[in-house]
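The residues making up each chain are set out below.
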Amino acid sequence: MNADEWQYVMNGSIGITIFGANGRFAKESLNKGDVGYIPQGYGHSIENVGEEKACILIAFNTGEYQAIDLSE
């Protein structure tokens, strides 16, 4: 993970779980119009938690996309 990440919720509701070293984690719910932030180096998951289909816009502060699958 080589970038900070922002999520803008365009429609619906999402749940975000962010996790770091030593068992640290936090959960947050976001709704239409909300913005979430994940600092570089933190793992996270995003799930649709509402009745309707969620639509989110995700932006990174680098031009090089990198993903690390949890199974790795």
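The rules behind each value
Residues numbered from 1 in each chain as written. Predicted model: local features only at pLDDT ≥ 70, side-chain atom pairs only at ≥ 80, totals over all residues. Heavy atoms only, no water. Pairing = 2+ DSSP bridges. Helix = DSSP H or I, 4+ residues; strand = E, 2+ residues; numbered from the N terminus. Axes fitted to C-alpha atoms, helices over the stretch in contact; angles between N-to-C directions. Core = buried A, V, L, I, M, F, W, Y, C linked by side-chain atoms within 4.5 Å. Buried < 20%, exposed > 50% of the residue type's maximum accessible area, 1.4 Å probe, protein only. Contact = heavy atoms within 4.5 Å. Phe/Tyr/Trp six-rings, centres within 6.5 Å; stacked < 30°, edge-to-face > 60°. Patch = residues over 30% accessible without salt bridge, like charges linked within 9 Å, V, L, I, M, F, W, Y side chains within 5 Å. Areas by Shrake-Rupley, 256 points an atom, 1.4 Å probe, with all protein chains shown as cover. Salt bridge = Lys/Arg side-chain N within 4 Å of Asp/Glu carboxyl O.

Caption draft 1: The sheet that holds strand 6 (residues 55-60), seen in detail. The three strands are arranged 4-1-6 in an open sheet whose pairing can be described as antiparallel. The outermost strands of the open sheet, each flanked by one partner alone, are strand 4 (35-38) and strand 6. Direction aside, neighbouring strands of the sheet carry axes that sit 20° apart on average. As judged from the four bridges shared by strand 1 (residues 5-11) and strand 4, these two strands associate in the antiparallel manner. For Trp6, the partnering residue across the bridge sits in strand 4 and is Tyr37.

Caption draft 2: Structural detail: the nonpolar core. Counting residues in each nonpolar core, the largest one holds six residues, listed as Val9, Ile14, Ile16, Ile18, Leu30 and Ile38. For this core, the element with the most residues is strand 2 (residues 13-19), which contributes three residues. Here Ile14 is in contact with Val9, Glu28, Ser29, Leu30, Ile46, Glu47, Val49, Ala54 and Ile56, once residues within four sequence places are set aside.

Caption draft 3: Local environment of the sheet that holds strand 2. Spatially, three strands are ordered 3-2-5 in an open sheet, and the strand pairing comes out antiparallel. Of all the strands in the sheet, the pair left with one neighbour each is strand 3 (25-31) and strand 5 (43-48). For this sheet, the mean angle separating the axes of adjacent strands, direction not counted, is 15°. Taken together, the seven bridges between strand 2 and strand 3 define a ladder with antiparallel strand orientation. In the sheet register, Ile18 faces strand 3, and the bridge partner there is Ala26.

Caption draft 4: Region of interest: the packing of aromatic side chains. Throughout the structure, instances matching the rule amount to one aromatic pair. Taking the centre distance of 5.4 Å and the plane angle of 45° together, the rings of Trp6 and Tyr37 count as tilted. Here the residue Trp6 occupies a position in strand 1, and Tyr37 occupies one in strand 4, the gap between them amounting to 31 residues.

Caption draft 5: Inspection of a nonpolar patch on the surface at higher detail. A cluster of nonpolar residues, Trp6, Tyr8, Met10, Val35, Tyr37 and Leu57, forms a patch on the protein surface that exposes about 580 Å² of accessible area. Of all the elements in the fold, those that place two or more residues in the nonpolar patch are strand 1 and strand 4. The element contributing the most residues to the nonpolar patch is strand 1, with three residues.

Caption draft 6: Just the environment of Ile18, in detail. Structurally, Ile18 is set in strand 2. The spacing of Ile18 and Gly43 is 25 residues in sequence and 5.8 Å in space, taken between C-alpha atoms. Not counting residues up to four positions away in its chain, the partners in contact with Ile18 are Arg24, Phe25, Ala26, Ile38, Pro39, Tyr42, Gly43 and His44.

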